[in-house]
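A structural walkthrough
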Amino acid sequence: MSRFVFIVGFFAIIGFTQCSAAKILCVFPTPIRSHFIFASGLMKGLAEEGHQVTVLSSFPAEKQLQNYRHIQIATGAQADRKDLMEKFPLEGWSHFGTLRLTVNILRQTLQAANFTLHTAEFQRIARGESFDLIFVEMFFNTFLIGLGDHFKCPVITIFSAPATEFINDMSGNPSTVAFVPHFLLGKATEMTFFNRFRNFAFVAVEKFIWAIINWREKIYYEHNFPSPKYKTYEEMKKNVSLIFVNDHFSVSPSKAFVPNVIPVGGLHVKTTPDHLPQEIQDFIDEAEFGVIFFSLGSNMKTSFLPPEMLKTLIATLSKLQQKVLFKWEDDDLADLPKNVMIQKWMPQADILAHENVKLFISHGGLGAMNEARCHGVPIVGIPFFADQLLNLEAAEQEGWAVVLDSRGLTEENLSAAINEVLSDAKYQNAARRASNLFRDRPMTALQTAIYWTEYVIRHRGASHLKSKAADLLWLQKTSLDVVAVYLVLLWFIGRLSISFAIFWRRKHSRRINLASKSKQN
């Protein structure tokens, strides 16, 4: 009898903790492949768990998966993005250049998101299907959270960067301005008064920019989700169930998170690699002195580089005894060295997982950094824009990277950096330590994201996770309004005390004068 009770209880617990198959819609119109790569691993993982997943993106599907429906939306932004990304090697290194180009990215991303909602493919889904959960990527298209109100289901957002002040304000997360350097601040090992002073200025500018972005997105929201049929934009921002951020204490500075902000740094990284294409596998296996992998990611294509910089790269790599896997997006490369293999696309994480890959020459994008960190591969970094410099300098401080300036790249300094990393064992040892920290988690980033996704489904939005701080203004969250009232009260009490002291002194003095006069009489 006891065995029967145990078995019944066991299956009751299993049935309670597991989440029944849900219908999930994922909307990722952003024409930036690295952002989609970060999120698509979770979508595929949810499909493997048995959920019915529908994904809308501006990229073609890689392969058909069970329970996974991929719909490509032609937003028209790909050609514009290509023209824009070609300018980053020349202009993106400066703060002003990055800001100017980011304004164009904002415009393209908003237009792509808005276009997605009006395509025939999406309209068929909006009119004829229902969902239990909506995923939206937060990258200048937060107004898409209105889809949660349209389908009457919870919303989870995915942010492919670490938590910023924008995320903190939206979620009620504690501000990190005093101890986490802004990604445009550059190298800041210690948050001295001067660095905190600069950090405050950068964050203030960021808040101003996000206020403008929020104003723009509100216009798009009200156009697509008009009142009174839908909740207001501010109401929907407070209605978001979870925010997944590309953050983890092994990747970025340690910080606190409220319960509905979930750090899933390295979400897209597979701890167990897939089999490499046979041509690449043979190339790596047959490399007597190891392999160097060169890639500038999915956005900053190598073919966008200025001719002089490309000439410097090829001349340097041709003199190495190592073989080189070189991600090159055009059909041919003039004067291709014998030790170099070029391909338009390469399975980056799977290549970095191979034990014969000795060095990764990278732009320093967060996705690439997490893949190198996971597999313990040291880096020679050539940053171009955004957070790339900060990512690489953090790895340099940890001891597993050497950072070069793309504006002053020469054969001499590139060759010296490569030889230093390859010849000094301290870089490989530091990379292994970083890998151990990255991997040492109770659950992988993917398992963590799947658990909390199903938690939101099980608890129908899990509104109890939300912090009340999200409902407060900045003055209220910092208690400056309370401090101001206390200061006024202290001032008032001080004034009363001074007035009372003056009154008492005058009265006491008068008594003394009267007493002395009476004695004289």
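Residues numbered from 1 in each chain as written. Predicted model: local features only at pLDDT ≥ 70, side-chain atom pairs only at ≥ 80, totals over all residues. Heavy atoms only, no water.

**Digging into the overall build of the chain**
Selection rule: Here a helix means four or more residues in a row that DSSP labels H or I, a strand means two or more in a row labelled E, and each is numbered from the N terminus. Any residue under 20% of the maximum accessible area for its type is buried, any over 50% is exposed, and the rest in between are partly exposed; the area is computed with a 1.4 Å probe on protein chains only. The contact rule is simple, with two residues in contact once any of their heavy atoms fall within 4.5 Å.
Along the backbone of the chain there are 20 helices and 13 strands. In the chain, buried positions account for 50% of the 521 residues. Residue pairs at least 24 apart in sequence account for 66% of intrachain contacts in the chain once pairs closer than 6 positions are excluded.

**A closer look at helix 2 (residues 33–48)**
Convention followed: Multiplying 1.5 Å by the helix residue count minus one yields the expected span of that helix. Given a residue, its bend is the angle between the two axes fitted to the seven residues that end at it and to the seven that start from it.
In this model, helix 2 (16 residues) spans 22 Å end to end at C-alpha, consistent with the 22 Å of a helix rising 1.5 Å per residue. Roughly 30 degrees is the biggest bend found in helix 2, and it falls at Ala39. Buried within helix 2 we find His35, Phe36, Phe38, Ala39, Ser40, Leu42, Met43, Gly45, Leu46 and Ala47. Looking at the residues trailing helix 2, positive phi occurs at Gly50, about 105 degrees.

**Quick word on the packing of aromatic side chains**
Let me state the cut-off plainly: Paired rings are identified among Phe, Tyr and Trp, the last through its six-membered ring, by centres lying within 6.5 Å, and are further divided according to the angle between planes into stacked (under 30 degrees), edge-to-face (over 60) and tilted (the rest).
In this structure the tally under the stated criterion is 18 aromatic pairs. Both rings, one in Phe140 and one in Trp210, keep their centres 5.7 Å apart while their planes meet at 45 degrees; by these two values the pair is tilted. Separated by 70 residues along the polypeptide, Phe140 in the loop between strand 4 (133–137) and helix 7 (146–151) and Trp210 in helix 9 (residues 193–224) bring together distant segments of the chain. Residue classification places Phe140 among the buried residues on the basis of a relative accessible area of 8%. Judged by relative accessible area, which is 15%, Trp210 ranks as buried.

**Quick look at the side chain of His375**
Selection criterion: Whenever a nitrogen or oxygen atom comes within 3.5 Å of another N or O atom, the pair is scored as a polar contact, on the condition that within protein one atom can donate a hydrogen and the other can accept it, and that pairs from neighbouring residues in sequence are kept only if both atoms are in side chains.
Structurally, His375 is set in helix 14 (residues 366–375). The class of His375 is buried, set by a relative accessible area of 16%. Of the polar contacts made by the side chain of His375, one reaches the side chain of Arg439; its length is 3.4 Å. Excluding its chain neighbours within four sequence positions, the residues that come into contact with His375 are Val269, Lys270, Thr271, Ala349, Leu352, Ala353, Ser435 and Arg439.

**Overview of the pairing of strand 11 (residues 357–362)**
Note the cut-off: Strands pair, by our definition, only if DSSP identifies at least two bridges between them. By the criterion used throughout, a crossover qualifies as right-handed when its path from the first strand across the helix to the second strand runs clockwise, the strands pointing away from the viewer.
Here strand 11 lies mainly inside the structure; five of its six residues are buried. Both strand 8 (residues 291–295) and strand 11 contribute to a ladder of five bridges, which runs parallel. Paired with Ser295 across the bridge in strand 11 is Ser362. Inspection of the sheet shows strand 11 paired to strand 12 (residues 379–381) by three bridges, in the parallel sense. When the bridges of strand 12 are listed, Ile361 appears paired with Val380. With respect to chirality, the unit in which strand 11 leads through helix 14 into the neighbouring parallel strand 12 is right-handed.

**Digging into the pattern of salt bridges**
Quick reminder of the rule: Here, a salt bridge means any side-chain nitrogen of Lys or Arg that lies within 4 Å of a carboxyl oxygen of Asp or Glu.
According to the stated counting rule, one finds 14 salt bridges in the structure shown. Lys319 serves as the salt-bridge partner of Glu411, at 2.8 Å between the closest nitrogen and oxygen. Of this pair, Glu411 sits in helix 16 (residues 411–423) while Lys319 sits in the loop between helix 12 (307–318) and strand 9 (323–327), placing them 92 residues apart in sequence. Overall, Glu411 belongs to the partly exposed group, its relative accessible area being 29%. Linked through salt bridges whose partners overlap, the residues forming this network are Glu165, Asp169, Lys207 and Lys477.

**What to know about the sheet that holds strand 2 (residues 52–57)**
Cut-off, in case you're wondering: To get an axis, fit a line to the C-alpha atoms, keeping to the stretch in contact for a helix; angles then go from 0 to 180 degrees between the N-to-C directions.
Read across the sheet, seven strands follow the order 3-2-1-4-5-6-7 without closing on themselves; strand pairing throughout is parallel. The open sheet has two edge strands, strand 3 (68–72) and strand 7 (261–263), and neither has a second partner. Neighbour-to-neighbour, the strand axes of the sheet open up by a mean angle of 20 degrees, direction not taken into account. The pairing of strand 2 with strand 3 spans five bridges and is classified as parallel.

**Quick look at the sheet that holds strand 9**
Ordered in space as 10-9-8-11-12-13, the six strands form an open sheet in which the pairing is parallel. Of all strands in the sheet, those bounded by a partner on one side alone are strand 10 (340–343) and strand 13 (401–403). With strand direction ignored, the average angle separating the axes of adjacent strands in the sheet is 15 degrees. Its contacts with the sheet put helix 15 (residues 388–398) on strand 11, strand 12 and strand 13, and the angle it makes with strand 13 is roughly 135 degrees.

**Thoughts on a nonpolar patch on the surface**
Put simply, the rule reads: To count toward a patch, a residue needs a relative accessible area over 30% and no salt bridge; like charges are then connected within 9 Å, while nonpolar side chains (Val, Leu, Ile, Met, Phe, Trp, Tyr) are connected within 5 Å. Surface accessibility in these figures is a Shrake-Rupley result with a 1.4 Å probe; residues are shielded only by whichever protein chains are displayed.
Together, Val482, Val485, Tyr486, Leu489, Trp491, Phe492, Ile493 and Leu496 make up a nonpolar patch on the protein surface, roughly 840 Å² of accessible area in all. Residue placement: Phe492 occurs in helix 20 (residues 480–520). Given the relative accessible area of 45%, Phe492 is considered partly exposed.

**Description of empty space enclosed by the protein**
If you roll a probe as big as a water molecule over the atoms, it shows you where there is empty space left. Here is the rule we go by: Only protein atoms enter the 1 Å grid, on which a cavity is a set of points fitting a 1.4 Å probe that cannot get out and a pocket is an open set with protein on both sides within 12 Å along at least 5 of 7 lines, lining residues being those with an atom within 4 Å of a point. Grid points are joined across faces, edges and corners, and a volume is the space filled by probe spheres set on the points. Note on residue categories: nonpolar means Ala, Val, Leu, Ile, Met, Phe, Trp, Tyr, Cys or Pro, charged means Asp, Glu, Lys or Arg, and polar means any other residue, Gly included.
In the structure shown here, the tally under the stated rule is one cavity of 30 Å³ or more. Elements supplying a minimum of two residues to the lining of the largest cavity: helix 2 and strand 3. Looking at the lining of the largest cavity element by element, the count peaks at four residues for helix 2. A class-by-class count of the residues in the lining of the largest cavity yields five nonpolar, two polar and four charged.

**Quick notes on the layout of surface pockets**
Here the second largest pocket defines a volume of roughly 860 Å³. For the lining of the second largest pocket, the secondary structure elements donating two or more residues are helix 8 (165–171), helix 9, helix 10 (233–238) and helix 19 (474–477). Looking at the lining of the second largest pocket residue by residue, the class counts come to 13 nonpolar, six polar and eight charged.

**A look at the nonpolar core**
Put simply, the rule is: As used in this record, nonpolar core signifies buried Ala, Val, Leu, Ile, Met, Phe, Trp, Tyr and Cys residues forming a set joined through side-chain atoms within 4.5 Å.
Core analysis: the largest hydrophobic core is formed by 45 residues, its most contacted members being Leu25, Ile134, Phe143, Leu144, Leu147, Phe151 and Ile167. Here this core takes five residues from helix 5 (residues 95–117), the largest share from any one element. Apart from the residues lying within four places of it in its own chain, the contact partners of Leu25 are Thr54, Leu56, Phe122, Phe131, Leu133, Ile134, Phe135 and Phe151.

**So, helix 15**
Listed as buried for helix 15 are Gln388, Leu390, Asn391, Leu392, Glu393 and Ala395. Where helix 15 is buried, its residues touch strand 11, helix 14, strand 12 and strand 13. Just past helix 15, the residue Gly399 takes up positive phi, approximately 95 degrees.

**Section: the pairing of strand 1 (residues 23–28)**
The element strand 1 is largely enclosed, with a buried count of five among its six residues. In this region the chain leaves strand 1, passes through helix 2 and returns to the parallel neighbour strand 2; the handedness of that crossover is right-handed. Sheet topology note: the strand 1/strand 4 ladder contains four bridges and is parallel. Following the sheet pairing, Ile24 is matched in strand 4 by Leu133.

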